[in-house]
Amino acid sequence: MKRKLNIIPLLIVAFMFFALNGYVLSGLGTLNQSTWLSPVFWVFIVGLTFALFYAIQQMRIQGINRFFQIVSHTFLIIFTAEVVFAIVLLLGDVYRFLFSVTGSFNGNGFHLLARSNNWVYFAFAMFCLTIALFAYGITQGKYAYRIIKHTLYFDDLPKAFDGFTLTQISDVHAGSFTNPKAVQKGIDLINAQKSDLFVFTGDLVNNVASEIVPYIGHFSQITAPFGQFSVLGNHDYGDYVKWPSEAEKIKNLDQLKAYHKALGFKLLLDEHVELHKNGEKIILAGIENWGIGFGERGDLNKALANTATGDFKILLSHDPSHWDAQVKNYPSNIQLSLAGHTHGMQFGIEAFGIKWSPVKYRYKHWAGIKTENNRYLNVNRGFGFLGFSGRIGIWPEITVIELKRK
């Protein structure tokens, strides 16, 4: 049976979108009352909207191409800047309305004050600033790698591993890269940390194994004394593109696993290894992707088979929803879990004591360290980018964690 298209939500969204643009135009009209402003404005907005619909239809057939990227990014930037403009303009309108009401209470009668040009100029300045931030995020921000360091303390850390360091990256999404020199700067930063262990927590590619090929020479430079280990993320399975056959999809995944080996990464597929130092050990386990809404493939019991309850364990699991669903209350203590997946939505603010991103409404914990039940989770903000070809406020992350005994 053909699924019916519910047109009412689409009409509501369309009404809100054009109402937003009408309000923005009213603000621009305060500064420029030329007769050409309104038709030029609406031709641009309607043309951009139709271009987006066309680009989406083409994407469903041909995949993401250059035209789709240009149109979708232009629409996103303009829409976001308009929302910022409208918010500031609305504050000014509320302000002048309140003063108009105050005037009527004073016996002057109710006369709505004219819009202040200063408010509109300020709104327009914020509009331009928003566009400038997006321009920076697209050209520079997506490669503005940050080193984020954490020191974590444990009662049961083996003495030999006191001061042990690991470097974590996640979500490479190699198919999105366009600047090999910038990527190399990130690789150099990773190696400069000189950590004892390197781990990668999934999403090496967007969809197809071949995306990593141009960057094998870069990521294969990463080395650590105790090895380089990795797990798969939801994008690595090829679930988001159409394959000629299931056999081709399986072949792609097998090829991706081979590329992990070519990078020098030991891929952990529901298994663990023991890391030994001075007669003591810690367990490093990794599972296949387990995420609510993104495929619950991993088997934690299998990954930790034949480990003891008292062993010190580090778990690599791509999706942080796995930690809430299984790991934090798992009968055998898993002292540290490392995840990625969220990217911090590549947009937000982490400054002046503020930590916010729209992704917080999807994930309870979307970046950095969380602790519960004497267990730690770290969510890496991602090394690469996907969808939006940039980052604003949530920069690409290289995490360095030092383990210490209490």
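None of the values given here were measured: they were computed from a predicted structure. (Residues numbered from 1 in each chain as written. Predicted model: local features only at pLDDT ≥ 70, side-chain atom pairs only at ≥ 80, totals over all residues. Heavy atoms only, no water.)

With that out of the way, let us pick up the side chain of Q184. Within the fold, Q184 resides in helix α5 (residues 180–192). In contact with Q184, other than residues within four places in its own chain, are H218 and Q221. (Helix = DSSP H or I, 4+ residues; strand = E, 2+ residues; numbered from the N terminus. Contact = heavy atoms within 4.5 Å.)

By the secondary structure assignment, N252 is in helix α7 (residues 246–263). For N252, a relative accessible area of 9% gives the class buried. What N252 contacts, discounting residues up to four positions off in sequence, is N207, V208, A209 and W243. (Buried < 20%, exposed > 50% of the residue type's maximum accessible area, 1.4 Å probe, protein only.)

The subject of this paragraph is α7. Given a rise of 1.5 Å per residue, 18 residues ought to cover 26 Å, and the 26 Å separating the end C-alpha atoms of α7 matches this to within 8%. If you check which residues of α7 are buried, you get K249, N252, L253, L256, Y259, H260 and L263. Seen from one end, α7 has its buried residues packed into an arc of 110 degrees, which puts them on one side. Pointing more than 90 degrees away from the buried face of α7 are the exposed residues A247, K251 and K261. Buried residues along α7 sit against β3 (197–200), α6 (216–219), β4 (228–230) and β5 (266–267). Of the residues trailing α7, G264 is marked for its positive phi of about 90 degrees. (Expected span 1.5 Å × (residues − 1). Arc of directions from axis to C-beta.)

It is worth spelling out α5 at this point. Taking 1.5 Å per residue, 13 residues should reach 18 Å; α5 reaches 18 Å between its end C-alpha atoms and fits that length. Within the span of α5, buried status applies to A182, V183, Q184, G186, I187 and I190. At its buried positions, α5 is contacted by β2 (165–169), β3, α6 and β14 (397–405). Immediately beyond the C-terminal end of α5, within one or two residues, lies K194, with a positive phi of roughly 50 degrees.

This part is about the UniProt feature "transmembrane region" (unreviewed entry) in the protein. UniProt tags residues 7–24, 36–56, 76–99 and 119–139 as "transmembrane region" (unreviewed entry). Across residues 7–24, helical content stands at 100% and strand content at 0%; the span's end C-alpha atoms are separated by 26 Å. Helix makes up 100% of residues 76–99 and strand 0%, whereas the separation of the span's terminal C-alpha atoms amounts to 35 Å. (UniProt positions renumbered as here; feature names shortened; annotations may be inferred.)

Membership of the largest hydrophobic core comes to 32 residues, with the highest contact counts inside it found for I169, V172, F177, V183, I212, F219 and F383. Membership of the second largest hydrophobic core comes to 24 residues, among which are F164, L268, V273 and L336. (Core = buried A, V, L, I, M, F, W, Y, C linked by side-chain atoms within 4.5 Å.)

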